[in-house]
Amino acid sequence: MFHLIDRRLNGKNKSAVNRERFLKRFKGQIKEAVARAVKDRSITDIERGEKVSIPVKDINEPTFGHAQGGVWERVFPGNKEYIKGDEFDRPQSGGGGGGSGGAGDGGEGQDDFVFELTREEFLNFFFDDLELPNLIKTQLQQTTTFKPMRAGYTSDGTPTNIHVLRSLRGALGRRIALSATPMEDLNAAQEKLDELLETCDEHDPQVIALMAEIREHKGRLAHIPWIDPFDLRYSNRVRVPNPTTQAVMFCVMDVSGSMDEMKKDIAKRFFILLYLFLERAYEKIEVVFVRHHTQAFEVNEDEFFHARDTGGTVVSSALKLVKKIILERYPSNDWNIYVAQASDGDNWDSDSPTCRELLANDILPLLQYYAYVEITEGEPQNLWYEYERVAAQYRHFTMRRIREAGEIWPVFRDLFKKAGLGERSAA
Amino acid sequence: MTRLAHTDATAEPLSTGSEWTFELIQRYYDEIARIAADFGLDTYPNQLEIISAEQMMDAYASVGMPVMYHHWSYGKHFLATQKHYQRGAMGLAYEIVINSNPCIAYLMEENTMTMQALVIAHAAFGHNSFFKGNYLFRTWTEADAIIDYLVFAKHYIAECEARHGEDKVEELLDSCHALMNYGVDRYKRPQKLSLAQERARLVEREEYQQSQVNTLWRTIPRLMEEREQAQQTPRFPDEPQENLLYFIEKFAPLLEPWQRELVRIVRKVAQYFYPQRQTQVMNEGWATFWHYTLMNRLYDEGLLTDAAMFEFLHSHTNVVAQPGVDSPYFNGINPYALGFAMYRDIQRICTEPTEEDRQWFPQLAGTDWREALDFAMRNFKDESFIAQYLSPKLIRDFHLFSVLDDDQNARLKVSAIHDEAGYAEIRRKLAEQYNLAAREPNIQVYEVNTRTDRALTLRHYQHQRRPLANSVHEVLKHVARLWGFTVKLESVDDEGRVILTYDCKVEKRHGL
């Protein structure tokens, strides 16, 4: 008796729960690995899985076993030169012991246990510190949606997409083109035959030769296929990401001496979060990094996060530079513009009112959103108070004082709340 | 290969291409079944399941069983398998076969028709008949009930997780898994499993067990005569116990009823796998012998094309390769190679015995090889199988030699090789190498201090002065977690002196 069952359609993710349990158990180690990855990665490159390695000793399941020592007598295959009574030195490997340098049974792997986190899992761990609401997490984890659009015809594809009209038109064209020469030859031969027949009879060798030639031409014509795989045309559809607008994101950060590594790390998470959000909404995003102390510079990402400067702080220098870049390169009718600013709140006293004026009059009207985080534990200083006045005036300006990564999210709350991002929301 | 009676080389091959279809599998199965019946193979009914590579990895990760409770360690195995597979470092096994009735064998959809036929011959007839015939499997496993029992276990554990929290269940399972190899009665026949009884008795057993535990640990003052009795029986348990998990299940003072049930589940699963650990060489050798014999017969009858036969031989040769000890590929003795060679050798001794064979195996030479093989398959485990059947010819073919590694000597010594003087010794030593009792440390429950601190003392009876590995500290923590009180482990040497003590103190009472 015998049954044959096709199980292929049964679920294949039987181990998903076990995998999840595994991740949960080693949450600590995985989180560290993710944090390290976030530090090393560019903010535009956050959405990948990540290789995580965990020391083998942490994940071993211990059982009682024997160690080296005592008396072991083992049998091995493949003796070549030994005879009874031969002696030799103990191999250094320490693993299986015995045997001439054989890799023993216990010498295996003190390597780390390495495995891949999927993109979703990676983002989940990344979001863990940020205390994002679940709805937002799912929104951010969704991959870009595509919509199929017609895009002409191609010469290969699936049979369901065959475009009959185009294919037959192609076939007709090919038949005409290919039959042109044989047809001419045939006609010429036929005419010649007609002429000949007027003078000679049917058994003349010339006539017979001509008849053969005509048969050959007809044969050639008959061999032109009516339709050929070459003629087939398929409707072509391309997947167009949806929506298809573009955005530019400015990262502005104070890099004066008081911004330490920890603060920069929080700032980086802040920028990443905005980037992830924008990525859902726009097909193309450019990121501009502006760092400043008393002067502002546009830099690349590496310098942005890693170069160190000292000295005082003039925030308006950065704002002026942002404004200049927008006017030169990102006309606001073509670009959706977002600015994220991170600082520890220090500013040169008399500069703060300038900042407010710059923001309120020149910059904010051009923007979709301006998010400001002040990473500090101290008392608010004059910049904060000036910014509060701006916030009262513009709805798309948000600001927040934070001490750790978990507090970043409310800065974006309004931004995420809006379903469609398309419309401009100047006050 | 011994050519057999009705060779009919004019028959049409069953298939020519490498693609399989359901109809073809059916036809191959029927032909293989016919030949297997000819050879007198007795099997459970077969259930062949076509699965994808991902499903194969899933099955791999949960110890090959179609149903299994959830645990992080299976997730770990899955990740490891997946990594190796995706890197291409490892092909998936062609087959997984489950000792159940009906016997379930997996066929991977990626396999060619030839490979499917090989797997059918190997798993559905080779392993299957071994499961049904070998005395260890007959004694220790319940092929009829295992799937039902695992369904019960999975549901029960899921229920416990819901009721008591995943973390608590996980901790407990971790501890039980650490002692899994010590959850088997080696000499007592286990009870039959049945899903219905299992459910019906669950409640009853929980109550009864708890009451037993309570009696043991009772602290209310006893009656005078009882007290006298108590003084007369100072030791508990009165004999050392080898089944640690059983002892914990029955006597650990602080376990809740559901925790005892979990210990029991792990114990039952361990018991189910116990015969497999003792019959690697025999089981794999048997399956390999039969796929080889059955496929050859198919070919002889003209049912396989030359191409299919070459494909089969290619993979068969890979399976039974045995690199020598000095080869970079050496990784111990290949159970497929040794087992296959031994069954083939028994066949040879029966049909074409040499003078040497008549001397060593007078009871085999010239007898019917099918009966001899059947007897060998039914009545042995690896250790006794090798002790009984390893022939001088095989020892020579494998160039076996033994090396003595005594930590009191500075150098290793070759103690026997494949020569006249060494055959018996090599055979004895190789058999000993497959003795599970010698491979794993012998650890037993020695004593429980029922009167004061309730400490549990385990004893490790040293064999050949072999010390315990460092993992002992970790494992003791697990034992202490289950026991709830201090746990000691004493290493005892050959003369019964305690030479080393480990302990894991549990200071204050705490539940799990």
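Here the structure is a predicted model, which means the values were calculated and not measured.

Draft legend 1. Molecular detail of the packing of helix 4 (residues 113-133) of chain B against helix 12 (residues 280-300) of chain B. All names here are of chain B. For the pair helix 4 and helix 12, interaxial distance at closest approach is 8 Å and the crossing angle is 130°. One element, helix 4, and the other, helix 12, form an angle in the oblique class. As for the relative orientation of helix 4 and helix 12, their crossing is right-handed in sense. Contacts between helix 4 and helix 12 involve Ala117, Leu118, Ala121, His122, Ala123, Phe125, Gly126, His127 and Phe130 from the former and Asn283, Trp286, Ala287, Thr288, Trp290, His291, Leu294 and Met295 from the latter.

Draft legend 2. Structural detail: the packing of helix 10 (residues 315-329) of chain A against helix 11 (residues 352-363) of chain A. Residue and element names in this part refer to chain A. Between helix 10 and helix 11, whose axes approach to 9 Å, the crossing angle comes to 15°. On the basis of the axis angle, helix 10 is roughly parallel to helix 11. Judged by the sense of rotation from one axis to the other, the crossing of helix 10 with helix 11 is left-handed. From helix 10, Val315, Ser316, Leu319, Lys320, Val322 and Lys323 reach across to helix 11, where they touch Thr354, Cys355, Leu358, Leu359, Asp362 and Ile363. Of the residues contributing to the contact of helix 10 with helix 11, the split by class is seven nonpolar, two polar and three charged.

Draft legend 3. Representation of the UniProt feature "domain: SpoVR-like C-terminal" (unreviewed entry) in chain B. Sites flagged by UniProt as "domain: SpoVR-like C-terminal" (unreviewed entry) map to residues 441-494 of chain B. The span residues 441-494 of chain B is 24% helix and 35% strand, and its two end C-alpha atoms sit 13 Å from each other.

Draft legend 4. Structural view of the interface of chain A and chain B. Taken residue by residue, the interface counts 56 residues in chain A and 78 residues in chain B. Of all elements in the fold, only strand 1 (2-6), helix 1 (16-25), strand 3 (71-76), strand 4 (87-89) and strand 5 (113-117) of chain A reach the threshold of two or more residues within the side of chain A that touches chain B. Broken down by class, the residue content of the side of chain A that touches chain B amounts to 21 nonpolar, 17 polar and 18 charged.

Draft legend 5. Here's a closer look at helix 11 of chain A. All names here are of chain A. What helix 11 keeps buried is the set Ser352, Cys355, Arg356, Leu359 and Ile363. Down the axis of helix 11, the sector holding all buried residues measures 120°, keeping them to one side. Residues of helix 11 that are buried sit in contact with helix 10 and helix 12 (382-393).

Draft legend 6. Focus on the sheet that holds strand 2 (residues 97-98) of chain B. Read from one edge to the other, the open sheet built from four strands follows the order 1(A)-1(B)-3(B)-2(B), with strand pairing classed as mixed. Where the open sheet ends on each side, the last strands, each with one partner, are strand 1 of chain A together with strand 2 of chain B. Strands in contact with helix 2 (residues 53-61) of chain B are strand 1 (46-51) and strand 3 (103-108) of chain B; relative to strand 3 of chain B, the strand with the most contacts, it is inclined by about 135°.

Draft legend 7. Broad picture of the environment of Ala247(A). All names here are of chain A. Turning to its location among the elements, alanine 247 is positioned in strand 8 (residues 246-254). Owing to 22 C-beta atoms within 10 Å, alanine 247 belongs among the buried residues under this scheme. Sequence separation between alanine 247 and valine 287 is 40 residues; the distance between their C-alpha atoms is 8.7 Å. In this structure alanine 247 touches Leu278, Tyr282, Ile285, Trp335, Asn336 and Tyr338, once residues within four positions along its chain are discounted.

Basis of the calculations
Residues numbered from 1 in each chain as written. Chains lettered and ligands numbered in written order. Predicted model: local features only at pLDDT ≥ 70, side-chain atom pairs only at ≥ 80, totals over all residues. Axes fitted to C-alpha atoms, helices over the stretch in contact; angles between N-to-C directions. Helix = DSSP H or I, 4+ residues; strand = E, 2+ residues; numbered from the N terminus. Parallel < 35°, antiparallel > 145°, perpendicular 65-115°, else oblique. Left-handed = near helix turned anticlockwise from the far one by under 90°. Contact = placed C-beta atoms within 7 Å. Nonpolar A, V, L, I, M, F, W, Y, C, P; charged D, E, K, R; others polar. UniProt positions renumbered as here; feature names shortened; annotations may be inferred. Buried ≥ 20, exposed ≤ 12 C-beta atoms within 10 Å, placed from the backbone. Arc of directions from axis to C-beta. Pairing = 2+ DSSP bridges.

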